[in-house]
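What the coordinates show
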Amino acid sequence: IPYTIAQFLGAFAGSGLAYLDHKSGLDAMDAANGVIKATSGVGATAGIFATYPASHVGVLHAFGDEVLTTAALLMCVFAVSDNKNIAPKGNLGPVIIGGLVALLILGFGGITGVAMNPARDLAPRIMTFLAGWGSEVFTAGNNYWWIPIVAPMIGAPLGGAVYNAFIDPPKENEQQQVNLMSWTS
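Residues numbered from 1 in each chain as written. Predicted model: local features only at pLDDT ≥ 70, side-chain atom pairs only at ≥ 80, totals over all residues. Heavy atoms only, no water.

A word on the packing of helix 1 (residues 2-33) against helix 4 (residues 118-133)
Each pair of packed helices gets described by two things: the angle between the helix axes and the distance between those axes. Contact geometry of helix 1 with helix 4 gives a least axis separation of 8 Å together with a crossing angle of 45°. On the basis of the axis angle, helix 1 is oblique to helix 4. As helix 1 runs across helix 4, the sense of the crossing is right-handed. Each of Q7, F8, A11, F12, S15, G16, Y19 and L26 in helix 1 lies in contact with helix 4, whose residues at this interface are A119, R120, L122, A123, P124, I126, M127, L130, A131 and W133. Along the lines of polarity and charge, the residues of the contact of helix 1 with helix 4 split into 14 nonpolar, 3 polar and 1 charged. (Axes fitted to C-alpha atoms, helices over the stretch in contact; angles between N-to-C directions. Helix = DSSP H or I, 4+ residues; strand = E, 2+ residues; numbered from the N terminus. Parallel < 35°, antiparallel > 145°, perpendicular 65-115°, else oblique. Left-handed = near helix turned anticlockwise from the far one by under 90°. Contact = heavy atoms within 4.5 Å. Nonpolar A, V, L, I, M, F, W, Y, C, P; charged D, E, K, R; others polar.)

Written out as structure tokens, the structure is:
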């Protein structure tokens, strides 16, 4: 729980600092588009901080996309960090995972923005609510706000389970060790 709280607070502080740093530019953009802190449509700026689905994306599509991208991320994290694989040299593991995150965002970002982490979306969404974007940050996209919270919580264990079941299934002797260890602990 402390790690989750730290992630949430870090995402909130980061989005708040980014907002303060870019406030004059955001205000100028709002003025140029004739809007005030829009969440959707022309001149929308809330999507800079939190994820929102494209206008053509339905709730089921958005939910599936978030589950899929989070599962893909976790399968690759498992692969990079699995001691049975050839480990990346030096400190390349984080670079590989960061590259994967970039590829997932490039590939799927146009659909929902790709949260893959509830804190990465909820904390900035709350910050935009408090900074004046209003309750539309929770109602936009057919009340999409809950999808980046729930879908990654399904996608992450699903990705780990798929990796363990199909890519790295336990061998018979490993399964016996796991069973023996569960009896002794």
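With respect to the packing of aromatic side chains
As enumerated under the stated definition, the model contains 7 aromatic pairs in all. Centre to centre, the rings of Y19 and W133 are 5.5 Å apart; their planes meet at 70°, and the pair counts as edge-to-face. Residue Y19 is located in helix 1, and its partner W133 is located in helix 4; the two are separated by 114 residues in the primary sequence. Note on accessibility: Y19 and W133 belong to one class, buried. (Phe/Tyr/Trp six-rings, centres within 6.5 Å; stacked < 30°, edge-to-face > 60°. Buried < 20%, exposed > 50% of the residue type's maximum accessible area, 1.4 Å probe, protein only.)

Focus: the layout of surface pockets
Within this model, the largest pocket holds a volume of roughly 220 Å³. Q7, L74, M116, N117 and P118 are, among the 13 residues lining the largest pocket, the residues nearest its centre. Elements represented by at least two residues in the lining of the largest pocket include exactly helix 1, helix 2 (59-81) and helix 6 (147-167). Contributing to the lining of the second largest pocket are 15 residues, with T39, S40, Y52, P53 and G141 lying nearest its centre. Taken together, the residues of the lining of the second largest pocket break down into 7 nonpolar, 8 polar and no charged. (1 Å grid on protein atoms, 1.4 Å probe; cavity = no way out; pocket = protein on both sides within 12 Å on 5 of 7 lines; lining within 4 Å. Points joined across faces, edges and corners; volume = space filled by probe spheres on them.)

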